[in-house]
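Each chain is listed here by its residues.
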Amino acid sequence: MSYSGSQSEKPVAAGDLDRSHIGQTVSFESNDFTVVFGTLSGIARTEAMVYLSLQGVGGGTHLKDEYDLPVGQNVYVQMDPLSTAGKTLAEAERVIKEKFDEIKKNLRDREQKPDSE
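Values in this document were obtained by computation on a predicted structure and should not be read as measured data.

(A) The arrangement of a nonpolar patch on the surface in detail. A surface patch of nonpolar side chains, about 400 Å² in accessible area, is lined by Ile96, Phe100, Ile103 and Leu107. Residue position: Leu107 is located in helix α1 (residues 81–112). Judged by its relative accessible area of 45%, Leu107 falls in the partly exposed class.

(B) Representation of the packing of aromatic side chains. Evaluated as defined, the whole model comprises three aromatic pairs. Centroid distance Tyr3 to Phe37: 5.9 Å. Interplanar angle 85°. Geometry classified as edge-to-face. Of this pair, Tyr3 sits in the segment before β1 (9–13) while Phe37 sits in strand β3 (residues 34–45), placing them 34 residues apart in sequence. Between Phe28 and Tyr67 the ring centres are 5.4 Å apart and the planes differ by 75°, which places this aromatic pair in the edge-to-face class. In this pair, Phe28 sits in strand β2 (residues 25–31) while Tyr67 sits in strand β5 (residues 66–70), placing the two residues 39 residues apart along the sequence. Neither residue differs from the other here; Phe28 and Tyr67 are each classed as buried.

(C) Molecular detail of the pattern of salt bridges. Taken as a whole, this structure holds four salt bridges when the rule is applied. Residue Arg94 pairs with Glu98 through a salt bridge whose shortest N-O separation is 2.5 Å. Of the two residues, Arg94 and Glu98 are both situated in helix α1; the distance of four residues between them amounts to about one turn of the helix. For Arg94, a relative accessible area of 39% corresponds to the partly exposed category. Its salt-bridge partner being Asp101, residue Lys104 comes within 3.9 Å of it at the nearest N-O pair.

(D) Highlighting the nonpolar core. One finds Leu17, Val26, Phe28, Leu52, Leu54 and Val75 to be the most contacted residues of the largest nonpolar core, which totals 15 residues. Breaking this core down by element, the ones donating at least two residues are β2, β3, β4 (49–55), β5 and β6 (74–78). With three residues, β4 is the single largest residue contributor to this core. Not counting residues within four places of it along the chain, the set of residues in contact with Leu17 comprises Val12, Leu40, Ile43, Arg45, Leu52, Val75 and Val77.

(E) A look at the environment of Phe28. According to the relative accessible area criterion, Phe28 is buried, its value standing at 0%. Placed 47 residues apart in sequence, Phe28 and Val75 show a C-alpha to C-alpha distance of 5.0 Å.

(F) Region of interest: the pairing of β3. As judged from the six bridges shared by β2 and β3, these two strands associate in the antiparallel manner. Following the sheet pairing, Glu29 is matched in β3 by Val35. Hairpin connection of β2 to β3: two residues between the antiparallel strands. Examined bridge by bridge, β3 and β4 share six bridges and lie antiparallel to one another. The partner of Leu40 across the bridge, within β4, is Leu54. The turn linking β3 back onto β4 is made up of three residues.

Analysis parameters
Residues numbered from 1 in each chain as written. Predicted model: local features only at pLDDT ≥ 70, side-chain atom pairs only at ≥ 80, totals over all residues. Heavy atoms only, no water. Patch = residues over 30% accessible without salt bridge, like charges linked within 9 Å, V, L, I, M, F, W, Y side chains within 5 Å. Areas by Shrake-Rupley, 256 points an atom, 1.4 Å probe, with all protein chains shown as cover. Salt bridge = Lys/Arg side-chain N within 4 Å of Asp/Glu carboxyl O. Helix = DSSP H or I, 4+ residues; strand = E, 2+ residues; numbered from the N terminus. Buried < 20%, exposed > 50% of the residue type's maximum accessible area, 1.4 Å probe, protein only. Phe/Tyr/Trp six-rings, centres within 6.5 Å; stacked < 30°, edge-to-face > 60°. Core = buried A, V, L, I, M, F, W, Y, C linked by side-chain atoms within 4.5 Å. Contact = heavy atoms within 4.5 Å. Pairing = 2+ DSSP bridges.

Right under this line is the structure:
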């Protein structure tokens, strides 16, 4: 299996997870056959491994709520809708400002241009 997240998720190396990710929904491949989805409730780390504790996963016959991953393995975290919206709005603001600047320049050029009649 080769899980690469969904469009609403961004990859984060397991070793880059920190306390700001607690409470976020994550997904990752726990082995070659299983993709895990759950809410991150705890993180422990060594130099080589990251240990994740999840809510909403354990209790099944072969599902567990603790996983150990290599620090370089990607974990897919839901993108923050507010920061995504903020980036989109900032980009829209930049485009609008460029258009207004272009319109102002064109108006100034017309005012300075002598009539050819």
